[in-house]
Amino acid sequence: MAPPRPATDPELSALLADLPLTTDLDPGMLAMLRALPPTPVETLLAGRAAEHSEVVLPTPDGARITLSVFRPSGADRPAAAPCIYWMHGGGMVMGDRFSQIGLPLEWLDLFGAVVVSVDYRLAPEATGTTPVDDCLRGLRWVVGHAAELGVDPDRVIVAGASAGGGLAAGVCLAAREEGAPAIAAQVLVGPMLDHRNDTVSSHQYSGGPGVWTREKNAFGWRSLLGDPADGDVPARVSPALAEDLSGLPAAYIDTGSAEVFRDEDVAYAAGIWAAGGQCELHVWSGGFHGFDALYPRARVSAAARRTRNDWLARLLAPAARASGLQGAR
């Protein structure tokens, strides 16, 4: 039996009642979820002063990675805009470059940011370091083509939700170890950081239906890694394993109190602080996994998005840039 768990926010709970939820995820259900039609890009851009283009990158093993580039349209767009490099969620096994794209497109609207979303390869077809390596390859391309994209190479922010948040953290660890590319900050939204799946919050959200449960989380990690010993997993794949979190870009981490990733996210923020780094952490009372993307108009969701936007506004302000992006570099 799962231990007692924090209650879900009442407004979110009422909204969640209409969503069909399960406890487990298996190959058959995954195939059904993957078969659902994606949201047309025209719908995503409706009402926005934005234009969309795509770039396809080859990989050493012969695969091709697609990057979707969203840029403000109009003659007055800046010559060197901030860039949000986005990694989507989906438990490492589903989703695409348009998943949860409403989150970073809000930053295009607010800050004139160029948004680049990477279609990294998914497990179980792609395993081990392949997804994070795909993300890193795409980021290197963005930084190397900053002038062509109209991007300020000193204001490239990596961001992601759920699995994408874990990949964003992994990209930052890999870039630190390799000395490039430069990353101004990292925004980790309910990130999936620890393949061990054994925290208190992980056990709290098991044994019953949910948006993302311990059982679903185990399926995602197993699809990516098989069943390895801890020592066989690189920190760039499971960032919670990193023993040294010094020298990383300034981080923003938010999560919900009523979700499986709560404790690993809090621990990761604490590790950044312990290493002398900058991290702003928010644990939203009653928030379940992905609450602000699923129900953006709920009061707690609006507060979460507003607070995240305010942090980015401070980060991108001229005074912050002049002082080295709040100590991020």
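Each value, and the rule that gives it
- Residues numbered from 1 in each chain as written.
- Predicted model: local features only at pLDDT ≥ 70, side-chain atom pairs only at ≥ 80, totals over all residues.
- Heavy atoms only, no water.
- Helix = DSSP H or I, 4+ residues; strand = E, 2+ residues; numbered from the N terminus.
- Rg over C-alpha atoms; globule rule 2.2 N^0.38 Å.
- Contact = heavy atoms within 4.5 Å.
- Areas by Shrake-Rupley, 256 points an atom, 1.4 Å probe, with all protein chains shown as cover.
- Lys, Arg positive; Asp, Glu negative; His and termini not counted.
- Charge placed at Lys NZ, Arg CZ, Asp CG, Glu CD.
- 1 Å grid on protein atoms, 1.4 Å probe; cavity = no way out; pocket = protein on both sides within 12 Å on 5 of 7 lines; lining within 4 Å.
- Points joined across faces, edges and corners; volume = space filled by probe spheres on them.
- Nonpolar A, V, L, I, M, F, W, Y, C, P; charged D, E, K, R; others polar.
- Phe/Tyr/Trp six-rings, centres within 6.5 Å; stacked < 30°, edge-to-face > 60°.
- Buried < 20%, exposed > 50% of the residue type's maximum accessible area, 1.4 Å probe, protein only.
- Pairing = 2+ DSSP bridges.
- Axes fitted to C-alpha atoms, helices over the stretch in contact; angles between N-to-C directions.
- Polar contact = N/O pair within 3.5 Å; in protein donor to acceptor, adjacent residues only side chain to side chain.

Participant: Would you explain the overall build of the chain in this entry?
Facilitator: For the chain, the helix and strand inventory stands at 14 helices and eight strands. In summary, the chain has a C-alpha radius of gyration of 19 Å against a globular reference of 20 Å for 329 residues, a match within 12%. When its C-alpha atoms are laid out on the principal axes, the chain stretches across 55 × 45 × 40 Å. Across the chain, the fraction of contacts at a sequence separation of at least 24, relative to all contacts at a separation of at least 6, is 76%. A total accessible area of about 13500 Å² is found for the chain, and carbon and sulfur atoms account for 54% of it. Within the chain, one finds 26 positive and 38 negative side-chain charges whose respective centroids are separated by 4 Å.

Participant: Would you mind going over empty space enclosed by the protein with me for this structure?
Facilitator: Leftover empty space is mapped by rolling, across the atoms, a probe with the size of a water molecule. Scanning all chains against the criterion turns up one cavity of 30 Å³ or more. Estimated volume of the largest cavity: approximately 50 Å³. Met 92, Gly 128, Thr 129, Pro 131, Val 132, Gly 166, Leu 167, Leu 224, Arg 236 and Val 237 are the residues that line the largest cavity. Listed by contribution, the elements that provide at least two residues to the lining of the largest cavity are α5 (130–144) and α7 (163–178). The class makeup of the residues in the lining of the largest cavity is six nonpolar, three polar and one charged.

Participant: What is the right way to look at the packing of aromatic side chains in this model?
Facilitator: In this description, a pair of aromatic rings is defined by centroid distance and the angle of the planes. Overall, the coordinates contain three aromatic pairs when judged by the stated rule. Taking 6.4 Å as the distance between ring centres and 75° as the angle between the ring planes, the aromatic pair formed by Phe 70 and Phe 98 counts as edge-to-face. In this pair, Phe 70 is assigned in strand β2 (residues 64–72) and Phe 98 in the loop between β3 (81–87) and α4 (102–111), connecting sequence segments 28 residues apart. Comparing Phe 70 with Phe 98 shows no difference in burial state: the two are buried. Centroid distance Phe 288 to Tyr 295: 6.3 Å. Interplanar angle 80°. Geometry classified as edge-to-face. Accessibility classification places Phe 288 together with Tyr 295 in one group, the buried group.

Participant: Is there a simple way to think about the sheet that holds strand β1 (residues 50–58) in this case?
Facilitator: Strands in a sheet are paired, the pairing made by backbone hydrogen bonds, and the direction either parallel or antiparallel. Across the sheet, which stays open at both edges, the eight strands sit in the order β1-β2-β4-β3-β5-β6-β7-β8 with mixed pairing between neighbours. Each having just a single partner strand, β1 and β8 (279–284) make up the two edges of the open sheet. On average, adjacent strands in this sheet sit at an angle of 15° to one another, irrespective of strand direction. With four bridges joining them, β2 and strand β4 (residues 114–118) adopt antiparallel strand pairing. Within β4, the position partnered with Phe 70 by the bridge is Val 115. The strands that α5 touches are β1, β2, β3, β4 and β5 (151–161); relative to β3, the one it contacts most, it runs at about 165°. With respect to the sheet, helix α10 (residues 262–274) is in contact with β6 (185–189), β7 (250–256) and β8, its orientation differing from that of β8 by roughly 160°.

Participant: Explain the environment of Arg 5 here, please?
Facilitator: In this structure, Arg 5 sits in the segment before α1 (10–16). In sequence terms Arg 5 and Ala 258 are 253 residues apart; their C-alpha atoms lie 7.0 Å from each other. Here the side chain of Arg 5 touches Ser 206 through a polar contact of 3.4 Å, landing on its backbone oxygen.

Participant: Sorry, what's going on with the layout of surface pockets here?
Facilitator: In this structure, the largest pocket occupies an estimated 1500 Å³ of space. Listing elements by their share of the lining of the largest pocket, those giving two or more residues are α2 (27–34), α4, β7, α11 (291–294) and α12 (299–316). Tallying contributions element by element places α11 first for the lining of the largest pocket, with four residues. Here the lining of the largest pocket is composed, by residue class, of 25 nonpolar, 16 polar and eight charged.

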